[in-house]
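Chain by chain, the residues:
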Amino acid sequence: MSKTAPAKVDLTKVKPYGDTMNDGMVQLSFTLPVPYGEEANEAARILAKKMGLDEPSVVFSKDLGGYTCFILYGKCQHTVDYTSIKVPKVEVEVMDRLECEKFIEENIKRDVVIVGACTGTDAHTVGIDAIINMKGYHGHFGLERYKGIQAINMGSQVPNEELVAKAIEVNADAILVSQIVTQKDIHVQNLTELVELLEAEGLRDKIILVCGGPRISHELAQELGYDAGFGPDTYAENVASFVLEEMVKRKLV
Amino acid sequence: MSKTAPAKVDLTKVKPYGDTMNDGMVQLSFTLPVPYGEEANEAARILAKKMGLDEPSVVFSKDLGGYTCFILYGKCQHTVDYTSIKVPKVEVEVMDRLECEKFIEENIKRDVVIVGACTGTDAHTVGIDAIINMKGYHGHFGLERYKGIQAINMGSQVPNEELVAKAIEVNADAILVSQIVTQKDIHVQNLTELVELLEAEGLRDKIILVCGGPRISHELAQELGYDAGFGPDTYAENVASFVLEEMVKRKLV
Amino acid sequence: MKSKLNLDPKIIDSARSSAAKIAQDMQKFIDRHTTVSTERTVLRLLGIDGVDEYDFPLPNVVVDAIKDGGGLARGAAYWIGNAMIQTGLSPQEIAERVAAGELDIMKLPTASAKEAEEKIMPEVKKALKNIKAQTEKRNHYLQTLGEGKQPYLYVIVATGNVYEDIVQAQAAARQGADVIAVIRTTAQSLLDYVPYGPTTEGFGGTYATQENFRLMRKALDEVGEEVGRYIRLCNYSSGMCMPEIAAMGAIERLDMMLNDALYGILFRDINMQRTLVDQYFSRVIIGYADIIFNSGEDNYLTTADAYEEAHTVVASQFINEQFAVLANIKEERMGLGHAFEMDPDMENGFLYELAQAVMARELFPKAPLKYMPPTKYMTGNIFKGHIQNALFNVVSIWSGQSIQLLGMMTEAIHTPHMQDRIYSLENASYIFNNMRDLGEEIEFKKDGIIQKRAQAVLKDAEKLLKEIEKEGLFQTLEKGKFGGVKRPRDGGKGLEGVCVKDEQYFNPFIPLMLGGEKNE
Amino acid sequence: MKSKLNLDPKIIDSARSSAAKIAQDMQKFIDRHTTVSTERTVLRLLGIDGVDEYDFPLPNVVVDAIKDGGGLARGAAYWIGNAMIQTGLSPQEIAERVAAGELDIMKLPTASAKEAEEKIMPEVKKALKNIKAQTEKRNHYLQTLGEGKQPYLYVIVATGNVYEDIVQAQAAARQGADVIAVIRTTAQSLLDYVPYGPTTEGFGGTYATQENFRLMRKALDEVGEEVGRYIRLCNYSSGMCMPEIAAMGAIERLDMMLNDALYGILFRDINMQRTLVDQYFSRVIIGYADIIFNSGEDNYLTTADAYEEAHTVVASQFINEQFAVLANIKEERMGLGHAFEMDPDMENGFLYELAQAVMARELFPKAPLKYMPPTKYMTGNIFKGHIQNALFNVVSIWSGQSIQLLGMMTEAIHTPHMQDRIYSLENASYIFNNMRDLGEEIEFKKDGIIQKRAQAVLKDAEKLLKEIEKEGLFQTLEKGKFGGVKRPRDGGKGLEGVCVKDEQYFNPFIPLMLGGEKNE
Ligand code: B12
Ligand code: B12
Ligand SMILES: Cc1ncc(COP(=O)(O)O)c(C=O)c1O
Ligand SMILES: Cc1ncc(COP(=O)(O)O)c(C=O)c1O
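Scope of this entry: the structure provided in the associated data block.

What counts, and at which threshold
Residues numbered from 1 in each chain as written. Chains lettered and ligands numbered in written order. Predicted model: local features only at pLDDT ≥ 70, side-chain atom pairs only at ≥ 80, totals over all residues. Heavy atoms only, no water. Helix = DSSP H or I, 4+ residues; strand = E, 2+ residues; numbered from the N terminus. Rg over C-alpha atoms; globule rule 2.2 N^0.38 Å. Areas by Shrake-Rupley, 256 points an atom, 1.4 Å probe, with all protein chains shown as cover. Near = heavy atom within 4 Å. Polar contact = N/O pair within 3.5 Å; in protein donor to acceptor, adjacent residues only side chain to side chain. Pairing = 2+ DSSP bridges. Axes fitted to C-alpha atoms, helices over the stretch in contact; angles between N-to-C directions. Least-squares fit on C-alpha atoms with pLDDT ≥ 70 in both. Contact = heavy atoms within 4.5 Å. Nonpolar A, V, L, I, M, F, W, Y, C, P; charged D, E, K, R; others polar. Salt bridge = Lys/Arg side-chain N within 4 Å of Asp/Glu carboxyl O. Buried < 20%, exposed > 50% of the residue type's maximum accessible area, 1.4 Å probe, protein only. Buried area = accessible area lost by both parts, 1.4 Å probe. Patch = residues over 30% accessible without salt bridge, like charges linked within 9 Å, V, L, I, M, F, W, Y side chains within 5 Å. Lys, Arg positive; Asp, Glu negative; His and termini not counted. Charge placed at Lys NZ, Arg CZ, Asp CG, Glu CD.

**Structural notes on the overall build of chain C**
Phase 1: When helices and strands are tallied, chain C shows 20 helices and twelve strands.
Phase 2: For 520 residues, the compact-globule formula gives about 24 Å, and the C-alpha radius of gyration of chain C, at 23 Å, lands near that figure.
Phase 3: Taken over the C-alpha atoms alone, chain C extends approximately 75 × 50 × 40 Å along its principal axes.
Phase 4: Of the roughly 16600 Å² that chain C leaves accessible, carbon and sulfur atoms contribute 49%.

**Description of the site of ligand 2**
Phase 1: Neighbouring ligand 2 are 44 residues, the closest being His124(B), Thr125(B), Ser178(B), Thr375(D) and Glu411(D).
Phase 2: The residues that come close to ligand 2 belong to more than one chain, namely chains B and D.
Phase 3: A distance of 3.4 Å separates an oxygen atom of ligand 2 from a polar atom in the side chain of Asp122(B).
Phase 4: One of the backbone N or O atoms of Thr125(B) is found 2.7 Å from an oxygen atom in ligand 2.
Phase 5: A per-element tally of the shell around ligand 2 places helix α3 (residues 126-132) of chain B first, with four residues.

**Looking at the sheet that holds strand β7 (residues 208-212) of chain A**
Residues and elements named next belong to chain A.
Phase 1: Taken in spatial order, the five strands make up an open sheet running β5-β4-β6-β7-β8, and their pairing is parallel. Either end of the sheet is taken by a strand with one partner, and the two such strands are β5 (149-153) and β8 (228-230). Strand-to-strand twist in this sheet, taken as the mean axis angle between neighbours without regard to direction, amounts to 20°.
Phase 2: Pairing between strand β6 (residues 174-178) and β7: five bridges, direction parallel.

**Thoughts on the relation of the copies chain D and chain C**
Phase 1: After a rotation of 180° and a shift along the axis of 0.0 Å, chain D superposes on chain C with an RMSD of 0.1 Å. Here the symmetry operator amounts to a two-fold rotation axis. Considering only C-alpha atoms, the part of chain D nearest the rotation axis is Glu443(D), at 2.5 Å.
Phase 2: The share of interface residues of chain D whose copies in chain C are also at the interface is 100%, consistent with both copies meeting through the same surface.

**Here's the deal with the side chain of Asn393(D)**
Phase 1: Here Asn393(D) shows up in helix α15 (residues 382-399).
Phase 2: Ignoring any residue separated from it by four or fewer positions in sequence, one finds Asn393(D) in contact with Gln404(D), Leu406(D), Asn427(D), Ala428(D), Ile431(D) and Phe432(D).

**Some thoughts on the site of ligand 1**
Phase 1: Every one of the 44 residues lining ligand 1 counts as a neighbour, but His124(A), Thr125(A), Thr182(A), Thr375(C) and Glu411(C) are closest to it.
Phase 2: The environment of ligand 1 is shared, with nearby residues belonging to chains A and C.
Phase 3: Asp122(A) places a side-chain nitrogen or oxygen 3.4 Å from an oxygen atom of ligand 1.
Phase 4: Within the backbone of Thr182(A), an N or O atom sits 2.7 Å from an oxygen atom of ligand 1.
Phase 5: Sorting the residues of the shell around ligand 1 by element identifies α3 (126-132), β6 and β7 of chain A together with α12 (300-303) of chain C as the ones contributing at least two each.
Phase 6: Residues that form the shell around ligand 1 fall into these classes: 18 nonpolar, 20 polar and six charged.

**Quick look at the sheet that holds strand β10 (residues 403-405) of chain D**
All names here are of chain D.
Phase 1: Pairing is parallel across the open sheet formed by nine strands, whose spatial order is β7-β6-β5-β4-β3-β2-β10-β9-β8. In the strand order of this sheet, the two ends are held by β7 (334-335) and β8 (337-339), each with one partner.
Phase 2: Here β8 runs beside strand β9 (residues 370-372); their pairing, made up of three bridges, is parallel. Within β9, the residue paired with Ala339 across the bridge is Met372.

**So, the pattern of salt bridges**
Opposite charge on two side chains lets them pair, provided their charged atoms get close.
Phase 1: Here the structure, examined in full by the defined rule, presents 92 salt bridges over all chains.
Phase 2: One salt bridge in this structure joins Arg229(D) and Asp178(D), with 3.2 Å as the shortest N-O distance. One end of the pair, Arg229(D), is in the loop between α8 (210-227) and β4 (232-236); the other, Asp178(D), is in the loop between α7 (162-174) and β3 (179-182), and 51 residues separate them in sequence. Here the two residues Arg229(D) and Asp178(D) agree in accessibility, since each one is buried.
Phase 3: What emerges from the salt-bridge pattern is a single network uniting Arg40(C), Arg44(C), Asp49(C), Asp192(C), Glu244(C), Arg274(C) and Asp278(C).

**Comments concerning the interface of chain A and chain D**
The accessible area lost on association of the parts is a frequent measure of interface size.
Phase 1: Facing the 18 residues of chain A at the interface are 24 residues of chain D.
Phase 2: Carbon and sulfur atoms supply 60% of the area that chain A and chain D bury against each other, a total of about 1800 Å² over both sides.
Phase 3: One can count zero salt bridges joining chain A with chain D.
Phase 4: Viewed at the interface, chain D and chain A are joined by four residue pairs in polar contact (both at pLDDT 80 or more).
Phase 5: Of all the secondary-structure elements, those providing two or more residues to the side of chain A that touches chain D are β1 (25-32), β2 (53-63) and β3 (68-76) of chain A.
Phase 6: The element contributing the most residues to the side of chain A that touches chain D is β1(A), with three residues.
Phase 7: When grouped by side-chain class, the residues that make up the side of chain A that touches chain D number ten nonpolar, six polar and two charged.

**Quick look at a negative patch on the surface**
Residue and element names in this part refer to chain A.
Phase 1: A contiguous patch of negative charge on the surface is contributed by Glu161, Glu162, Glu193, Glu196, Glu199 and Asp205.
Phase 2: Here the negative patch gets three residues from one element, more than from any other, and that element is helix α5 (residues 186-200).
Phase 3: With respect to the helices and strands, the residue Asp205 is situated in the loop between α5 and β7.

Okay, structure coming up:
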């Protein structure tokens, strides 16, 4: 019985934690297109080893008829240097609704026009409604409720062309795009197409372009040429704060 | 709309199957000893990338207070050559109870003596009872029921020394060891110690040595110096068939 | 049977009678109109199939020609009958020539409506006979192979590739699935035509085409024989092509079809006039083909709150029931929809879900209720999600639901992977077996939380139905009473495909399907 | 309260009265005997602690000396009292000198028993005061911080390293755990001594040492204040050192202790005479310290069939209740054990589990029942396992259990990883909240499957108790009536530590704990 305290984490070499520091324990589940049996289990173990998991153990496998699914545990040997991680985040001081309204009054001094839509063939409006509609989400009012913001929700299944046309028509300061369906990266296509359209119209620099959805990160948004991206649990005030501060920053007031 | 049938599996390059051949989809769950947040998610993604998973996506993470647990999906890029897999298996024609009894009558012509125990500090007797006791398991009678086999179940928590002493005392043909607890590889220690004891007594070659338990594979058993290892869902007839045929093969009759 | 919820039969009757009036009122509107897709359906039933050189379906080519020629008000049946008389060609040949630009059926001499109807009657009868043969084949399978216990285990496949779907569907059937639904590709419901042939590319689903139906039907028959259980096939006929897809389903022996105009209006922004007219013919076909239809009330709870708006589901179920009555669908084929969508963090939420499910069972005792899993409050936490699905399964077996759409623990993440489906099947099979007779065993405390909740929801539903009875269904939809979604009467997609019938209009299938052959 | 199961009160009374006779009969045997661990416990309570140069605990050193000197029959209290009189040293000093070989307490002049008892009485009182102070501290916490709702969420930690355990225990408390149990290292229960100091190496569990208790208690008090909820600490006192560990638990303010001689006999092969004698003193301590004890009937169902042998659980619960009564434990502290262990593939298995759980609640209405999760039929399929645990949680909230040992989906694989525990807590918290008042709402059909099952099990339990009453408990255990495990009366570990008391024997703690100070 030694009497030492447990190992402290080395943040430059982080490993998964099962019940002991650095035991590396990871659970996996997947299916292989091979027939059920000992050989299938071995295939699963070999795969896990290739992933860098020591002592892979198939704790369950099941015959799916030509396919086999597995549950497997193993000890991950890779490490991550946590200290060197920098995640791009929307850099903005979040203001609540009243603060946003005051900000507009003081810094923008006119109505801000925002157009939003769920584009392409995507019919999932709950997300964009949560941001724009009066009622909002989880007790946070939507943009329609903001004095000084004129918000237009175009709803679902809006072609990018229509969205751009509307933005031009109302002279929008910002466009908000929602993308929920991500199968086969359809959102990436859709979002990219919008940027191209805006660029073709010479509008890209004059407008603040924001996207959101459960699989959208700020990083992805920036890669695709957006000013910001918002993921799950976003509220109107997050978006409003960003748009307003960005307008001032980019002198679009 | 192309009109081709889906990709057939290439068994030399098998990848996980989510909903399309070779999409590589794998689910992972683990904990990292880092505080909850975007950086933690990124750490999880980096780790997954090191495991060879493309497009790792953290679909859930939770704050455990200084620790964060994750659920993650990603696309495994490793492949396995299924065609080259050979799994060592207990090579035996499984005889049912009556066949075993006949085999003894015809080929051994005397009572076979088998001693079994759950060794070390392990108190899980259900497994060894399933193999040895009259009643058996899932409708398969245990060895006590076999005519021509004299089976002795020493029960749980049996020190290796006592087991060897008993085997000597009754002049056992085979020893059956059960190991259920595998925490910190205690079963490996325990099983190894028994082999060493038997070797020290000069008994190893004169006895058939078999182990079993939910985490025992034939491969592991052989590595540890056993003649065979049996995992989950073993019945008495599997063990009996092996022991009897091995006795004849090794001329221990 | 005594009501376990102590529901007041007078309120039930009152709600039902309001719903009947709402449906009858709408039926008057429906009876005056036809649509492009209704007419394309007539053509499909008459055997017109295939595509032109631009991959455009022949039924569309012909109906567009009729419409452009100003003849839609008389109905496609008339024009085909007339063309047959004038050219001596079969409907398919006529369509092909129209597509090739070789024939303008609007420029032919015109026979009387009666003559045209008589001319096509043999084709009509043939179509009906084929459909009946499919019904008999299904019955034969059911008698010889048998079927799974209720609640049926219903899973979806959605790879986009019909051949990949088949692999997964067969695997699921082997693991216990009773019903396989092939989810359509995103936005197919907005297409004003039905794609053609086998398809291998779709987003979040696979195109509904007749060939895909046929391929999957065959695969399920095969695996059904293998597992000794008839495996039902389901697809979607809501949307712009309601009756066409219903007809394809009837021809290819689908067993179940999602079919709900209200769904199209609210969740696909399809014009309400268009789709309510379409719905009628589609349901007549479904009724005739002995297909179970599934309505989409469950969807209301994805946009509105499941606790607050529970009564809208009940009200809509009553309306859907009455629409089905008018289309001569048997009670035993009315797969009215509802769902387990309350916030899992709600204290006693399970009790409210249970109250709702038992109530649905009592209100529609013979209906094969379609019970939808939690979706809205599913998260990336697949372990929690698996438990949410478990409670959903508990409510289902307890309350005696009929069709159990299996919840997938990955609902918030992706359309199901092969293993997701297997673990879901396991979840439901375990619970259904382990709790088999629970419903029989249990009584609810008089005036307890459960009874009171059910009574209150029923009362609210009755109230809403009375309002709708007064205002009419169109106006109700304009006000956003269902799912919190407002739709203008003249908005949405497809209004241009609606047309008022002229006096000579006829659709030879409807009368025969409703009463004629059916009861032969 | 009316029985929901329509249980016959006469049968209940009969079963209880048989159990009382069984316990009283055994108590006669107990009263005639003492054991080495009972005597070591007296020493520990008198303040003797620490180890000798070979890491051997001083209580063992002293009791071994007494035993070797032939003095065990008179009790360690006498010999210490006498040594105090003769040497003027404190108990701890005496022990240290014995260990150092400087003092042979068996060779000292001997005072009378009365004198010896008087001499140690101040030490005894001090010990009791310390324990009472801990009880008061617990009550204070409960009053100021409050506690979680029942069923308490009970999770285990088992890393082998007390510091690692602390990390995990605190994380679990933050995620909602109400009780933390530190599983002991494999086979500690077979050690005839209690290890000393903080420990960091164990297999499948962490050594139960007084220092480990203290460290964990402190950690839980801290996190309790952080989360605003008193977090209970549980450990195991079954085994070779039952009363010693109970005493350590009383001193370090454990709130719950697994404590069951039958468990030790059946599942650890500890000699029945030894452990039944030990159990008595351990329960007296537990009762005095206001600790909840947990009995181990759940274990029977891991070796015997849960459906067939359900009545043995009930019979054993009645016996454990009566043993507790004799040790002056309040009903409110009787954590009788039972479990959800039927084969998940059994049709209507849920109904039988529910019947059993509701019955346990009705038979022992005030007892903080300890309900154990599925273990035997757990497999490597963690998804299925998570659902098995969900149904277990459903039964628990429905039937009003008190202490919910959370099932881990990885039960068949490993002792819990940090995340396993979190997902289990989520599972139970979700279900308990979502079904909070279900039990209140539900009545069972008269003479339905559930009522009949409960009645039959109760009847069988009564019958078994009558048999045991006739044969005696020792003989019953020899016959393998519990858990299907047979144990000989003179077999197993530890018989050599049992000894018949002589007439001058005294244990100063028992009378005071039973009646004296307790009611002051
Ligand atoms: C409700 C729902 C529906 C409803 C939609 C009703 C409606 N009017 O919206 C109905 C029933 C119609 C539906 C249909 C379909 N659905 Co759907 N649906 C869902 C479901 C259950 C919930 C989505 C939701 O409402 N979330 C709640 C909102 C509040 O969250 P959110 O969208 O993430 O929004 C938040 C943030 O992301 C962010 N945000 C979102 N947008 C924006 C935009 C901006 C600018 C900003 C700043 C922020 C922001 O802020 C919001 C608030 O915090 C999900 C599963 C799930 N549990 O997630 C599946 C899901 C999204 N659906 C899916 C699919 C495939 C479909 C169908 C395509 C299926 C089919 N083939 O028929 C159809 C067709 C729809 C279509 N063409 O798009 C898949 C998508 C898979 C994928 N990853 O691609 C999911 C994940 C289900 C699944 N596992 O298959 N669905
Ligand atoms: C029942 C049980 C107990 C019972 C045991 C009663 C008894 N008399 O056996 C009790 C309650 C006493 C118990 C106690 C403990 N248990 Co326990 N227990 C289990 C449980 C629930 C089931 C095991 C079982 O009976 N399986 C059924 C049998 C039939 O299967 P089997 O053993 O695999 O045997 C089959 C094959 O493996 C094979 N086989 C097995 N042996 C042999 C031998 C030969 C020669 C052959 C040919 C074949 C063969 O054939 C058998 C039939 O097909 C498992 C969890 C689980 N669901 O698996 C935990 C489990 C095994 N226990 C565990 C632990 C840690 C303990 C404790 C150490 C906890 C503690 N610290 O107090 C204690 C102490 C026990 C000890 N010292 O060993 C862990 C082990 C973790 C690990 N991997 O190391 C498990 C996995 C639970 C967990 N997640 O923590 N346990
Ligand atoms: C009634 C009904 N029809 C159709 C659908 C699906 O239609 P689409 O193919 O438009 O997504 C649903 C979806 O949930 C539905 O509930
Ligand atoms: C009553 C009782 N005591 C003790 C234990 C554990 O004891 P051990 O430390 O011997 O494993 C258990 C285990 O489940 C139990 O039920």
